[in-house]
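# Fold and geometry: a report
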Amino acid sequence: MDFFKLKEHKSDIKTEIYAGIATFLAMIYIIPVNANIMSASGMPLEALIVATALVTIFATALNAFVSNTPVAMSVGMGLNAYFTFSVCNTYQVPWQTALGAVFLSGMIFTLLSFTNFRIWVIRSIPNDLRKAISAGIGTFIAFMGLVQMGVIVKSEATLVGLGDFSNSNVLFGIFGLFLVFTFWAWRIKAAFILAVFVSAFFAWIFGINGATFPEKIFSLPIINGENGLSAIFGKLDIVGALELSMIPIILTFFVTQLFDSVGTITGVGSRGKIFDDPKFGEKKLGKTLGVDATSSALGAIVGTSTVTAFVESSAGVEAGGRTGLTALVTAICFVLTLFLLPVFKAIPANSIYPVLVLVGVLMFMEVASINFKDTSIAASAFFIIIMMPLTYSITTGFAFGFVVYLFMCLVQREFARINFGIVVLSFISLAVFLLQFIGH
């Protein structure tokens, strides 16, 4: 195990294995959750379960060997909801074209990983706005979760309203919501997947919404056929994603992944001082970001939305994981999920969507550190956060926020706060509205 330099990182095999398992338990929920979310775009559930597992295994193992950091990667929460509910369902973009947009954004990110662009973008955009984007995505995916659960429904009188609480499936979703919040409050590391399986078990026992126990636990992954991996593997439409109207979508995938990746990787790293080494720290960070970007492009080929570093990696870091061996153990554990298709297929949707709500809450917590006493920040952060769920679009919320920020800085004559990055992003945001106007 000298490859991972365990002694140099003051770790050992036993600690790294335990840490890898801890990370696996904290993020295994992504397999059924991502597959369920993305299947709403028209992609087969069975194929998505296999694709999500394969992408997670590949990206996490690649990071283990390339960067030697304990950071696990999989399909990003938030962007998978954006992919499905905004791009495919609201904008009526075929999932093949949406995958093409994910591929292009991943390739752009990969190419720019070899430059200082990511540092330039991070320095150009106020930290408060980056946190507002995270909080906005949190409100968006929590809203999506509540809608899919039937807790929030369309209303002719008030646009939206409460769902039918006499409906057993809606009540079951609320039960799942209480479960996941309870396990999270109790600080159980595997809170997400535990809540999913406990609620699913109740659904199987009482036959809620037709739910039944899986006929078997294990099966071989489905590769061929209309529901197999072959139905989505390599089906991305890159040419269709090159249309002018797709630019805002590609930009949203790219910018959101950039902020998410940098924030997650540095956050996880700070817990274990992974990138603190003055000689190799920045190099490790760069390699981890490079794997993140490359994995998104390759993930689109396999058939998933944007791949990114998972904050659940902090579970492994807190357990003592300091090297890529932790990530490799996590990747090996995910191999098991390839053979659990019958179990994942039997999980009811309303066992899945409560997790989306809690993930939204965790992302929204970033709002606590935004400086709302600053009027330019307050106005732009408000529009970023509120417009994402109200317009069913991360792109629109992002665009509103940056246009408002530039406007507020101009009217208050805060010219020193306007840098080239803000100007570029603001004009791109204006282009988003222009393209939407032309599209209508």
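Residues numbered from 1 in each chain as written. Predicted model: local features only at pLDDT ≥ 70, side-chain atom pairs only at ≥ 80, totals over all residues. Heavy atoms only, no water.

- The protein appears in an unreviewed UniProt entry as NCS2 family permease from Campylobacter insulaenigrae.
- Checking UniProt for the protein, the heading Subcellular location (unreviewed entry) contains the comment "Endomembrane system".
- Quoted verbatim from the Sequence similarities (unreviewed entry) heading of the UniProt record, the comment on the protein is "Belongs to the nucleobase:cation symporter-2 (NCS2) (TC 2.A.40) family. Azg-like subfamily." (UniProt positions renumbered as here; feature names shortened; annotations may be inferred.)

## Digging into the overall build of the protein
- Check the secondary structure of the protein and you find 19 helices and four strands.
- For the C-alpha atoms alone, the extent of the protein along its principal axes is close to 65 × 65 × 45 Å.
- Looking at the protein residue by residue over its 440 residues, the buried ones come to 59%.
- Expressed as a percentage of contacts within the protein between residues at least 6 apart in sequence, the contacts between residues at least 24 apart total 80%.
- Carbon together with sulfur atoms contributes 67% to the accessible area of the protein, which is approximately 18800 Å² in total. (Helix = DSSP H or I, 4+ residues; strand = E, 2+ residues; numbered from the N terminus. Buried < 20%, exposed > 50% of the residue type's maximum accessible area, 1.4 Å probe, protein only. Contact = heavy atoms within 4.5 Å. Areas by Shrake-Rupley, 256 points an atom, 1.4 Å probe, with all protein chains shown as cover.)

## Examining the packing of helix α7 (residues 127-149) against helix α18 (residues 394-411)
- At a closest axis distance of 10 Å, the pairing of α7 and α18 adopts a crossing angle of 150 degrees. With respect to each other, α7 and α18 are oriented roughly antiparallel. The chirality of how α7 crosses α18 is right-handed. Of the residues in α18, those in contact with L129, I133, I137 and F140 of α7 are I394, F398, F402 and Y405.
- Class assignment for the residues of the contact of α7 with α18 results in eight nonpolar, no polar and no charged. (Axes fitted to C-alpha atoms, helices over the stretch in contact; angles between N-to-C directions. Parallel < 35°, antiparallel > 145°, perpendicular 65-115°, else oblique. Left-handed = near helix turned anticlockwise from the far one by under 90°. Nonpolar A, V, L, I, M, F, W, Y, C, P; charged D, E, K, R; others polar.)

## A look at the side chain of S41
- The residue S41 is located in the loop between α2 (30-39) and α3 (45-66) in this model.
- On the basis of relative accessibility, which here comes to 13%, the residue S41 falls in the buried class.
- A distance of 2.5 Å separates the side chain of S41 from the backbone oxygen of M38, its partner in a polar contact.
- Sequence-distant contacts of S41, defined by excluding residues within four places in its chain, comprise F83, T84, C88, N89 and W95. (Polar contact = N/O pair within 3.5 Å; in protein donor to acceptor, adjacent residues only side chain to side chain.)

## Observations regarding the pattern of salt bridges
- As enumerated under the stated definition, the model contains three salt bridges in all.
- A salt bridge links D374 to R417; the nearest nitrogen and oxygen atoms lie 2.7 Å apart. Of this pair, D374 sits in the loop between α16 (349-364) and α17 (375-390) while R417 is found in the loop between α18 and α19 (420-439), placing the two residues 43 residues apart along the sequence.
- According to the relative accessible area criterion, D374 is buried, its value standing at 17%.
- Using a relative accessible area of 27% as the deciding quantity, one classes R417 as partly exposed.
- Between R417 and E414 there is a salt bridge whose closest N-O contact spans 3.2 Å. (Salt bridge = Lys/Arg side-chain N within 4 Å of Asp/Glu carboxyl O.)

## Focus: the packing of aromatic side chains
- By the definition in use, this model includes 18 aromatic pairs.
- Ring geometry for F109 versus F254: centroids 5.8 Å apart, planes at 85 degrees, classification edge-to-face. Of this pair, F109 sits in helix α5 (residues 95-112) while F254 sits in helix α11 (residues 247-272), and the two are 145 residues apart along the sequence.
- The exposure class assigned to F254 is buried, which follows from its relative accessible area of 7%.
- Considering the side-chain rings of F181 and W184, the 6.0 Å spacing of their centres and the 85 degrees angle between planes classify their relative orientation as edge-to-face. Within this pair, F181 and its partner W184 are both found in helix α8 (residues 168-185), separated by three residues, close to a single helical turn.
- Judged by relative accessible area, F181 falls into the partly exposed class, the value being 25%.
- Given a relative accessible area of 34%, W184 falls into the partly exposed group.
- Taken together, F172, F175, F202 and F206 form an aromatic cluster joined through their ring pairs. (Phe/Tyr/Trp six-rings, centres within 6.5 Å; stacked < 30°, edge-to-face > 60°.)

## Describing the layout of surface pockets
- By volume, the largest pocket is sized at about 1700 Å³.
- Lining the largest pocket are 47 residues, and of these T264, R271, V311, E312 and L362 sit closest to its centre.
- Listing elements by their share of the lining of the largest pocket, those giving two or more residues are α6 (117-124), α7, α9 (191-206), α11, α12 (281-302), β4 (307-309), α13 (313-318) and α16.
- Among the elements that line the lining of the largest pocket, the one with the most residues is α11, at ten residues.
- Of the volumes computed, that of the second largest pocket is approximately 540 Å³.
- Of all the secondary structure elements, the ones that give two or more residues to the lining of the second largest pocket are α3 and α12. (1 Å grid on protein atoms, 1.4 Å probe; cavity = no way out; pocket = protein on both sides within 12 Å on 5 of 7 lines; lining within 4 Å. Points joined across faces, edges and corners; volume = space filled by probe spheres on them.)

## Some thoughts on the pairing of strand β2 (residues 152-155)
- Looking at chain direction, β2 and strand β3 (residues 159-162) are connected through four bridges and run antiparallel. Bridging from a neighbouring strand, S155 pairs with L159 of β3. (Pairing = 2+ DSSP bridges.)

## Observations concerning α5
- Its 18 residues place the ends of α5 26 Å apart at the C-alpha level, agreeing with the 26 Å of an ideal helix rising 1.5 Å per residue.
- Of all 18 residues that make up α5, 13 are buried, and the element is covered over most of its length. (Expected span 1.5 Å × (residues − 1).)

## Structural notes on a nonpolar patch on the surface
- A cluster of nonpolar side chains, I217, F218, L220, V335, L336 and F339, forms an exposed patch at the surface whose accessible area comes to about 570 Å².
- With respect to the helices and strands, the residue F218 is situated in the loop between α9 and α10 (238-241).
- With a relative accessible area of 52%, F218 lands in the exposed category. (Patch = residues over 30% accessible without salt bridge, like charges linked within 9 Å, V, L, I, M, F, W, Y side chains within 5 Å.)

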